[in-house]
2 protein chains.
Amino acid sequence: MESQGTAEDFADAPGQDDLLTPAFVDAVADALEREEIDAARTLTLELRAADLADLIEFLRPELRIALIKALGSDLPAEMFSELQEPIRDELVKEMPVDQLAEVVGELDSDDAVYLLEDLEESEQIEILSKVNRIDRARVRRSLDYPEDTAGRLMQADFVAVPPFWSVGQTIDYMREAHELPDSFSELYVIDPAFHLMGTVPLSFLLRSRRPKLISEITNTDVHTFSALQDQEEVARDFERYNLLSAPVVDEDRRLVGVITADDVVEVIQEEAGEDIFRLAGVADEAITENFVQIAGSRFTWLFVNLLTAILASIVIGLFDATIEQRVALAILMPIVASMGGNAGTQTMTVAVRALAMKDITAVNTMRVVGRELLVGLINGLLFAVLLAGAVLIWFGSGEIGVIIAVAMIVNMFVAALSGILVPIVLDKLGIDPAVASSVFVTTVTDVVGFFAFLGLAALWFS
Amino acid sequence: MESQGTAEDFADAPGQDDLLTPAFVDAVADALEREEIDAARTLTLELRAADLADLIEFLRPELRIALIKALGSDLPAEMFSELQEPIRDELVKEMPVDQLAEVVGELDSDDAVYLLEDLEESEQIEILSKVNRIDRARVRRSLDYPEDTAGRLMQADFVAVPPFWSVGQTIDYMREAHELPDSFSELYVIDPAFHLMGTVPLSFLLRSRRPKLISEITNTDVHTFSALQDQEEVARDFERYNLLSAPVVDEDRRLVGVITADDVVEVIQEEAGEDIFRLAGVADEAITENFVQIAGSRFTWLFVNLLTAILASIVIGLFDATIEQRVALAILMPIVASMGGNAGTQTMTVAVRALAMKDITAVNTMRVVGRELLVGLINGLLFAVLLAGAVLIWFGSGEIGVIIAVAMIVNMFVAALSGILVPIVLDKLGIDPAVASSVFVTTVTDVVGFFAFLGLAALWFS
């Protein structure tokens, strides 16, 4: 029944997210299983690249390649840029080289690079040998730059003109030239050696009379990136200076490509996601990876945590005699450690984010550190009072109340200190603070939490 | 000495981040303190809006307004869009209404909205009354849409043309019209009632002959947002469909504005930062807020944590008799809870991020849940074996080794279960999973961790 419908029949709400309902995915899967190629085509032909990529990810592996074969040359090449890496690699391995070369030829150079970058060099060469010469040169140039650089992110298709052309000449050239990009919003002005001289937004060009020279309407104050710059820096500058597109130049300041804001949007999502994951001790993992790989990648972090937990237990073990005398200490001891851990995590998270955003600089480091220590001290005092009261009511012991209050102040202060200093020091050492900070911080707050509380108790009651 | 230099003199590296060195900030502050207005101007005149905003944030409050007065009409209006909210509000309060009105008149409508949105309505009206009629109408229209919607994000300045114009007519119109935006890359095609019919990229317009009609080169397959849509949805679609700009329509499908990718870049940074902070129990806080406010906002989260820590202590208290007999239990009990907390946080973080990215949908929820439970079980088994061995060596007790191993398996499984289900259920209930998940998850893993370990021990040794 549904097999003759189209994607739209399944969408009651206008949002694209509602398109891929379980019923729709099942209908496509059924059609593919029954080898009803036409039905599968009809259902999926009108999907946009990103939606088709999601659909393919939802299908069982053997049906994915079946759908790609069913769509044949109607498959939008951009779909591959929207796939998550493990699935992209799996499909690329199964596709015939000729179809891959066709896809690479259709893609913008930055998307082609994404498709090819994880393949063996011999496979890259084989595929690129079937692509036309100009496209091949563009893709190769991008692939030569290291991963996560502006050179990888850029698109090598752009329109460059000499400064001595007139507006009329330029417009005539664009009307006649065939190999221009589909859509673009700026022209790049270059000298004979391909050095970037400036840009002309199309809106300037359109509003100028035909005899005017390009050099007269060239904007020379252009934010330019070097091809070897890190993509995180590129993203930060795009955000900071509200850029919509920016040229990329090589070491000799020759124009080699253009980065547009839509590419940067993906980088920002990716980097933000990485920081979120790293803070929680999760390596980059796609939602599609299998459970053995995931368990393995999470094991490492948990193992480090086991070592720090054992370290905390050793600290507790130093005071076993004191605990044996007063079991209330065992009951209360996790509170001090837990509060310190949470306060330290708050401070650390703020610091990690501020470092990533370059909001902590040489100018304000001392001010930020001072502020965090004050915050730690204030909340330490508040919770010391609260907890001392609670302990007095619960155990009727003013002594343990005083001990826990002092331990709380100490640990909250230490939490603030380690929460702010650990990320800053790691950053100075060139280590990503998002990866390593939380192990250090929680180890410190656990050890100091138990040691301060039990140590004070041992002194007091000895 | 430095007072006659310019910003560039202080930058040895090309990156803009290196511009605002402590020496440079001090030089500006000195000039302002000595009321050497010209020196302060010379130093700061060439800074870009975002760098000037950073500089102002680094200065002491009384010097901020002094610098703004020193720059006078040379102050780039866009600077205000780059300020953090508390400082923006502080400056806006101190500036004379006339200067504010001038700034609002110069800004694009979306930036003007950012400047005005937190003011009292009476102040908004006073400032807007001094702005020209067209700008006022645009800003008012955006302000009428709720915060965090497409209507607030959009820019109300765009170029709209009727479909029956020729390319030549359109180009002539643009050459003569004065009130067009500075730079734009698309025209919007509208009917007489202002309904959006499609777009014409400028690159299409430029490449078409003058007699051609606009209707012939109109692209009708345009991704359009409704003014009331949430900005997070807008950002997701920009990323998903690689948009560079998109029109915004009102309830009657009339064109009211345009969103460009640079606006979306800020939204993505903001939302990602919010999620990072919320997962750590930090409310939105700018790096510039004072320490009393920060301590207050963090107190709430720590207080909730105190309650859950006390709950865990109550669980421990149930088994005080068992602990008194065997102090090794007190020493070891934090390990099971801590491992569960970390494993639960890993799963929860992956789930929260996947929900934010809409990577978990009705189609794959069961698959994702099943995968997380398997991961929890695998790592539970691995760490059970590891820890049982360690306990056997440390305490020479096979019994406690078996108990801690079983407790570990139970708690790691429960950690996975709560780590994946809590965010999914919160999301279904319309509660932001980033805000509330981690309290629930760590409470569960603490309580179950202590209960399983001590409860098993109580049974075994009773």
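Since the model is a prediction, treat every value here as computed from it, not as a measurement.

### Side note on the relation of the copies chain B and chain A
Between the two copies of this chain, the relationship is a rotation about some axis together with a displacement along it.
Now for step 1: Once chain B is rotated about the relating axis by 180 degrees and shifted along it by 0.0 Å, it coincides with chain A to within an RMSD of 0.1 Å. The symmetry that links the two subunits is that of a two-fold axis.
Now for step 2: Residue by residue, 100% of the interface of chain B is reproduced at the interface of chain A, so both copies engage with the same surface.

### Side note on the interface of chain B and chain A
Now for step 1: Each partner contributes to the interface: chain B provides 125 residues, whereas chain A provides 126 residues.
Now for step 2: Of the roughly 11,100 Å² buried between chain B and chain A on both sides combined, carbon and sulfur atoms contribute 65%.
Now for step 3: At the junction of chain B with chain A, the criterion picks out eight salt bridges.
Now for step 4: For B:Glu176, the salt bridge identified is with A:Arg209, shortest N-O distance 3.9 Å.
Now for step 5: Taken together, the links from chain B to chain A amount to 44 residue pairs in polar contact (both at pLDDT 80 or more).
Now for step 6: Considering each element in turn, the side of chain B that touches chain A owes the most residues, 18 residues, to helix α18 (residues 327-356) of chain B.
Now for step 7: Looking at side-chain class alone, the side of chain B that touches chain A contains 70 nonpolar, 26 polar and 29 charged residues.

### Digging into the domain arrangement of chain A
Residues and elements named next belong to chain A.
Now for step 1: Partitioning chain A into structural domains gives domain 1 (2-148), domain 2 (160-279) and domain 3 (291-461).
Now for step 2: A separation of 29 Å is found between the C-alpha centroids of domain 1 and domain 2.
Now for step 3: Across the domain 1 to domain 2 interface the summed buried area is about 600 Å²; carbon plus sulfur atoms make up 44%.
Now for step 4: Taken as a group, Arg 141, Tyr 145 and Asp 148 account for 73% of the area that domain 1 buries against domain 2, more than any other trio of residues on that side.
Now for step 5: At the junction of domain 1 with domain 2, the criterion picks out one residue pair in polar contact (both at pLDDT 80 or more).
Now for step 6: Classifying every residue of the side of domain 1 that touches domain 2 gives two nonpolar, no polar and three charged.

### As for the pairing of strand β2 (residues 186-190) of chain A
Residue and element names in this part refer to chain A.
Now for step 1: Buried residues dominate β2, accounting for five of its five residues.
Now for step 2: Because side chains alternate across β2, one face comprises the buried residues Glu 186, Tyr 188 and Ile 190, and the other comprises Leu 187 and Val 189, equally buried.
Now for step 3: As judged from the two bridges shared by strand β1 (residues 160-161) and β2, these two strands associate in the parallel manner. Paired with Ala 160 across the two strands is Tyr 188, which belongs to β2.

### Structural notes on the packing of helix α2 (residues 37-44) of chain B against helix α4 (residues 61-71) of chain B
Residue and element names in this part refer to chain B.
Now for step 1: Contact geometry for α2 and α4: axes closest at 9 Å, N-to-C directions at 85 degrees. Relative to α4, the element α2 lies roughly perpendicular. In this structure, α2 uses Ile 37, Arg 41 and Thr 44 to contact α4, whose residues at the interface are Leu 67, Ala 70 and Leu 71.

### Here's the deal with the sheet that holds strand β2 (residues 186-190) of chain B
Now for step 1: The three strands lie next to each other as β1-β2-β3 (chain B), forming an open sheet whose pairing is mixed. Of all strands in the sheet, those bounded by a partner on one side alone are β1 (160-161) and β3 (196-201) of chain B.

### Quick word on the UniProt feature "transmembrane region" (unreviewed entry) in chain A
Now for step 1: The feature "transmembrane region" (unreviewed entry), as annotated in UniProt, sits at residues 299-319, 331-352, 373-396, 402-426 and 438-461 of chain A in this numbering.
Now for step 2: Taken end to end, residues 438-461 of chain A is 100% helix and 0% strand, and its first and last C-alpha atoms sit 34 Å apart.

### Section: unusual backbone geometry
Residue and element names in this part refer to chain B.
Now for step 1: Positive phi values are uncommon outside glycine, yet Asp 148 reaches one of about 60 degrees.
Now for step 2: Mapping Asp 148 onto the fold places it in the loop between α10 (133-144) and α11 (150-153).
Now for step 3: Judged by relative accessible area, which is 36%, Asp 148 ranks as partly exposed.
Now for step 4: If you check the backbone angles, Asn 242 has positive phi at about 50 degrees while not being a glycine.
Now for step 5: Asn 242 sits in the partly exposed class, given a relative accessible area of 31%.

### Let's talk about the UniProt feature "domain: CBS" (unreviewed entry) in chain A
Now for step 1: What UniProt calls "domain: CBS" (unreviewed entry) maps, in this numbering, to residues 217-276 of chain A.
Now for step 2: In residues 217-276 of chain A, helix accounts for 45% and strand for 22%; the two terminal C-alpha atoms are 45 Å from one another.

### Observations regarding the sheet that holds strand β6 (residues 255-260) of chain B
Now for step 1: Spatially, β4-β5-β6 (chain B) is the arrangement adopted by the three strands of the open sheet, whose pairing is mixed. Only two strands of the sheet have a single partner each, and these edge strands are β4 (225-226) and β6 of chain B.

### Examining the pattern of salt bridges
Oppositely charged side chains can pair when the atoms bearing their charge come close.
Now for step 1: With the rule as written, the count across this model stands at 44 salt bridges over all chains.
Now for step 2: Residue A:Arg240 is joined to B:Asp51 by a salt bridge in which the shortest nitrogen-to-oxygen separation is 2.6 Å. In this pair, A:Arg240 is assigned in helix α15 (residues 231-240) and B:Asp51 in helix α3 (residues 49-58), connecting two distinct chains. Considered together, A:Arg240 and B:Asp51 belong to a single accessibility category, that of buried residues.
Now for step 3: Here B:Arg152 and B:Glu117 are joined by a salt bridge, their closest N and O atoms 2.8 Å apart. Remark: B:Glu117 occurs in the loop between α8 (109-116) and α9 (121-128) and B:Arg152 occurs in helix α11; sequence separation between them is 35 residues.
Now for step 4: Salt bridges sharing partners connect three or more residues here, namely A:Glu85, A:Arg88, A:Asp89 and A:Asp118.

### A word on the packing of aromatic side chains
Now for step 1: For the structure shown, the criterion picks out 14 aromatic pairs over all chains.
Now for step 2: With a centroid separation of 6.2 Å and 80 degrees between ring planes, the pair formed by A:Phe158 and A:Tyr188 is classed as edge-to-face. Taken as a pair, A:Phe158 in the loop between α11 (150-153) and β1 and A:Tyr188 in strand β2 lie far apart in primary sequence, 30 residues in all. The exposure classification of A:Phe158 matches that of A:Tyr188, with both residues buried.
Now for step 3: Geometrically, the ring pair formed by B:Phe299 and B:Phe303 is stacked, given 6.0 Å between the ring centres and 15 degrees between the ring planes. With B:Phe299 and B:Phe303 both in helix α16 (residues 291-317) and four residues apart, the pair spans about one turn of that helix.
Now for step 4: Through pairs of rings, three or more aromatic residues link up here, namely A:Phe299, A:Phe303 and B:Phe383.
Now for step 5: Of note, B:Arg326 hangs over the ring of B:Phe461, and the distance from its end group to the ring centre comes to 3.6 Å.

### With respect to the side chain of B:Thr443
Residues and elements named next belong to chain B.
Now for step 1: Relative to the helices and strands, Thr 443 resides in helix α21 (residues 433-461).
Now for step 2: Thr 443 sits in the buried class, given a relative accessible area of 16%.
Now for step 3: Residues contacting Thr 443, with those up to four places away along its chain left out, are Thr 308 and Leu 311.

### Remarks on the nonpolar core
Now for step 1: In terms of nonpolar packing, the biggest core is built from 83 residues, with A:Met333, A:Phe453, B:Met333 and B:Phe453 touching the most fellow members.
Now for step 2: For A:Met333, the residues in contact, after removing those within four places along its chain, are A:Ile316, A:Ile323, A:Phe450, A:Phe453, A:Leu454, B:Ala330 and B:Met333.

### Here we look at the confidence of the model for chain A
Now for step 1: Per-residue confidence for chain A gives a mean pLDDT of 88, with 95% of residues at or over 70.
Now for step 2: Taken together, the stretch residues 1-16 of chain A has pLDDT below 50 and engages in 31 contacts with residues farther than four places along the chain or on a different chain.

### Regarding α8(B)
Now for step 1: Most of α8(B) is tucked away, with eight of its eight residues classed as buried.
Now for step 2: Turning to α8(B), its buried residues number three or more, namely B:Ser109, B:Asp110, B:Asp111, B:Ala112, B:Val113, B:Tyr114, B:Leu115 and B:Leu116.

About the criteria used
Numbers given to residues run from 1 along each chain, matching the order in which its sequence is written. Chain letters start at A and ligand numbers start at 1, both assigned in the order the entries are written. In view of the model being predicted, local features appear only for residues whose pLDDT reaches at least 70, and side-chain atom pairs are presented and counted only at 80 or more, with totals across whole chains, interfaces and linings using the full set of residues. Processing note: side-chain calculations cover all non-hydrogen atoms of the structure and skip hydrogens and water entirely. A least-squares fit on C-alpha atoms brings the copies together, and the residues used are those whose pLDDT is at least 70 in both copies. The criterion used for residue contact is that any of the two residues' heavy atoms lie within 4.5 Å. Throughout, the accessible surface (probe 1.4 Å) given up by two parts as they are put together, summed over both, is called the buried area. One speaks of a salt bridge when a side-chain nitrogen belonging to Lys or Arg is within 4 Å of a carboxyl oxygen belonging to Asp or Glu. Under this definition, polar contacts are N or O atom pairs within 3.5 Å; protein pairs additionally need one hydrogen-donor-capable and one acceptor-capable atom, and for neighbouring residues in sequence, both atoms have to be side-chain atoms. Under the scheme used here, helices are H or I runs from DSSP no shorter than 4 residues and strands are E runs no shorter than 2 residues, and both carry numbers assigned from the N terminus. Each residue gets one of three labels, nonpolar for Ala, Val, Leu, Ile, Met, Phe, Trp, Tyr, Cys and Pro, charged for Asp, Glu, Lys and Arg, and polar for the others, Gly among them. Domain ranges listed in this record stem from an automatic or a database domain assignment. In this scheme, a residue with accessible area under 20% of its type's maximum is buried, one over 50% is exposed, and one in between is partly exposed, where area comes from a 1.4 Å probe on protein chains only. Following DSSP output, two strands are said to pair if at least two bridges run between them. Here an axis means a line fitted to C-alpha atoms, over the contact stretch when the element is a helix, while the angle between two N-to-C directions is reported on a 0 to 180 degree scale. Here is the rule for angles: anything less than 35 degrees is roughly parallel, anything more than 145 is roughly antiparallel, 65 through 115 is roughly perpendicular, and the remaining ranges are oblique. UniProt positions are given in the numbering used here, feature names are shortened, and annotations may be inferred rather than shown by experiment. Pairing of aromatic side chains here covers Phe, Tyr and the six-membered ring of Trp, requires ring centres within 6.5 Å, and sorts the geometry by plane angle: under 30 degrees stacked, over 60 edge-to-face, intermediate tilted. Criterion for a charge above a ring: Lys NZ or Arg CZ within 6 Å of the ring centre, and within 35 degrees of the ring normal. Residues enter a nonpolar core if they are buried and are Ala, Val, Leu, Ile, Met, Phe, Trp, Tyr or Cys, with the set joined through side-chain atoms within 4.5 Å. Note: pLDDT gives the predictor's confidence per residue, expressed from 0 to 100.

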